[in-house]
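Descriptive structure summary
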Amino acid sequence: MKTRFLQQLNRDVSCVGLGTMVFSSSPRQDAFEMLDAWQEAGGNLLDAAEVYGSEPAIADWFEARGNRDEIVLLDKACIDLNEIAPDGMRRGAAGNLERTRTDYIDIWMLHRDDPSKPMEVIVETANELISLGQIRAWGGSNWTTRRIIEANECAEKRGLVGMIGSSENVSLAVPNVPRWPGVRSLDADDIAWRRETQFPVFSWSAQAGGFFSGQFSPGDRSDGDMVRVYYSDENFAKLERARQLAAEKGVSAIQIALAYLLALDFAVYPLVGPRNMAELRSCIEGEAVQLTPAEASWLSLEQNER
């Protein structure tokens, strides 16, 4: 599996991360089978959060395999905006550590942002957690680019550690509306800044909630959430192109949707959320699919030839 070197962690991180929300309800045997297969394939990035309910399963796997140091754990807290304050951030990190039964979180993110909160306090508290060894790096999930820049400028002025990355949505299918309250998808300006800076984005719903799986068509409106978020002429045009390219390469459209993100010219770490071993294998195989820049532009409807 392809990796990128993250300077702040001083290690290589797999370019695709495994979302763990499904493990909140999976039998431990099934969760372990998927986690083992992910690591065997070369994946070392896991995505968790206090609200996912998956941290105890991850903790059990760490203890059973003795492999904590081999994994890059991205964990999130403070989805409640009232918790974005020193005591709330301390409680959030302590809760992540307690539930994962580990000594540190590799990449710790505030799950939401409250622009009314003073940036100096956020930056200083995150650095306090780093100095205590509870986290090794920090970032924000669903933050605006403006606030990310503000955070890193604030950190630089004080000689502190800035954000290592952020977690917003980037996918071949562009959402019509936010999928959940308070979430963000990157727009053209956000992407231009990331292209210039190569600031990492850990993209949730990287495969658009299964839009490219073959289960959805314009005439089938039975899944109201998918209709609301992803049904558009543009996204169905992208789906058709993904199917065409998949047929040529002997893969599936949903694997093409994953490969598209890995072909972009900025640092995207797609976070995938397979529900079973078959979907996990599809993700592992999709990570290996190579697309040219021309193919990626064609898929996104930026050009009509490839």
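Refer to the preceding data block for the structure.
So, here's what we can say about the structure. (Residues numbered from 1 in each chain as written. Predicted model: local features only at pLDDT ≥ 70, side-chain atom pairs only at ≥ 80, totals over all residues. Heavy atoms only, no water.)

A word on the overall build of the protein. Tallying secondary structure elements over the protein gives 11 helices and 10 strands in all. Overall size of the protein, expressed as C-alpha extent along the three principal axes, is 50 × 45 × 35 Å. Going through the 306 residues of the protein one by one, you find that 56% of them count as buried. Taking all contacts inside the protein whose residues are at least 6 apart in sequence as the whole, residues at least 24 apart take part in 76%. Counting every atom, the protein has about 13000 Å² of accessible surface; 48% of that belongs to carbon and sulfur. (Helix = DSSP H or I, 4+ residues; strand = E, 2+ residues; numbered from the N terminus. Buried < 20%, exposed > 50% of the residue type's maximum accessible area, 1.4 Å probe, protein only. Contact = heavy atoms within 4.5 Å. Areas by Shrake-Rupley, 256 points an atom, 1.4 Å probe, with all protein chains shown as cover.)

Now for the environment of Tyr52. Among the secondary structure elements, Tyr52 is positioned in the loop between β4 (45-47) and α2 (55-65). A residue is classified by how much of its surface remains accessible, and Tyr52, at 14% relative accessible area, is buried. As a C-alpha pair, Tyr52 and Thr20 span 32 residues in sequence and 7.7 Å in three-dimensional space. Look past the residues within four positions of Tyr52 in its chain and what remains in contact with it is Thr20, Met21, Ser24, Asp47, Lys76 and His111. Here the side chain of Tyr52 touches Lys76 through a polar contact of 3.4 Å, side chain to side chain. (Polar contact = N/O pair within 3.5 Å; in protein donor to acceptor, adjacent residues only side chain to side chain.)

One finds Leu18, Leu46, Trp108, Ile122, Trp138 and Trp143 to be the most contacted residues of the largest nonpolar core, which totals 48 residues. Considering each element in turn, this core owes the most residues, six residues, to helix α1 (residues 28-40). Grouped together as the second largest cluster of nonpolar side chains are 36 residues, Val227, Ile254, Ala257 and Val268 included. (Core = buried A, V, L, I, M, F, W, Y, C linked by side-chain atoms within 4.5 Å.)

The next subject is helix α8 (residues 233-249). Structurally, the α-helix is built with 3.6 residues per turn, so residues lying three or four positions apart point the same way. A rise of 1.5 Å per residue sets the reference length of α8, with its 17 residues, at 24 Å; its end C-alpha atoms lie 24 Å apart and thus fit the reference within 8%. Looking at the packing, one finds that the buried side of α8 touches α7 (224-230), α9 (253-262) and α11 (293-299). With its phi angle positive at about 70 degrees, Gly250 sits one or two positions after the end of α8. (Expected span 1.5 Å × (residues − 1).)

Within helix α6 (residues 188-197) the residues assigned to the buried category are Asp190, Ile191, Trp193 and Arg194. Angularly, the buried residues of α6 cover 160 degrees about the axis, an arc narrow enough to put them on a single face. Set apart from the buried face of α6 by more than 90 degrees, the exposed residues are Ala188, Asp189 and Glu196. Buried positions along α6 lie against α5 (145-158), β8 (165-167) and β9 (201-203). (Arc of directions from axis to C-beta.)

All right, on to unusual backbone geometry then. Of note in the backbone geometry, Arg101 takes a positive phi value of approximately 50 degrees without being a glycine. Within the secondary structure, Arg101 sits in the loop between α3 (86-100) and β6 (105-110). Judged by its relative accessible area of 39%, Arg101 is partly exposed. One non-glycine residue, Ser205, adopts positive backbone phi at about 50 degrees. Examined against the element boundaries, Ser205 turns out to sit in the loop between β9 and α7.

The next point concerns the packing of α9 against helix α10 (residues 277-287). Remark: α9 packs on α10, axes separated minimally by 8 Å, with the N-to-C direction vectors making an angle of 45 degrees. Accordingly, the angle class assigned to the pair α9 and α10 is oblique. Viewed along their axes, α9 and α10 form a crossing whose handedness is right-handed. On the side of α9, the interface is formed by Ile254, Gln255, Leu258, Ala259 and Leu262, while α10 contributes Ser282, Cys283, Glu285, Gly286 and Glu287. (Axes fitted to C-alpha atoms, helices over the stretch in contact; angles between N-to-C directions. Parallel < 35°, antiparallel > 145°, perpendicular 65-115°, else oblique. Left-handed = near helix turned anticlockwise from the far one by under 90°.)

What follows covers the pairing of strand β10 (residues 268-272). For β10, the tally of buried residues reaches five of five residues, placing the bulk of the element in the interior. Judged by which residues are buried, β10 turns out to be covered on both faces: Val268, Pro270 and Val272 on one side and Tyr269 and Leu271 on the other are all buried. Bridging between strand β3 (residues 17-19) and β10 involves two bridges; their strand directions are parallel. Within β10, the residue paired with Gly17 across the bridge is Leu271. (Pairing = 2+ DSSP bridges.)

This part covers the environment of Thr197. Tracing the chain through its elements places Thr197 in helix α6. Among the residues examined, Thr197 registers a relative accessible area of 36% and is labelled partly exposed. Each C-alpha atom, one on Thr197 and one on Arg65, is 37 Å from the other, the two residues being 132 residues apart in sequence. Within the local environment of Thr197, its side chain forms a polar contact with the backbone nitrogen of Phe199, the two atoms lying 3.2 Å apart.

A separate point is the environment of Trp61. Within the element layout of this structure, Trp61 appears in helix α2. Each C-alpha atom of the pair Trp61 and Ala31 lies 8.4 Å from the other, and the pair is 30 residues apart in sequence. Among the polar contacts made by the side chain of Trp61, one reaches the side chain of Asp36 at a distance of 2.8 Å.

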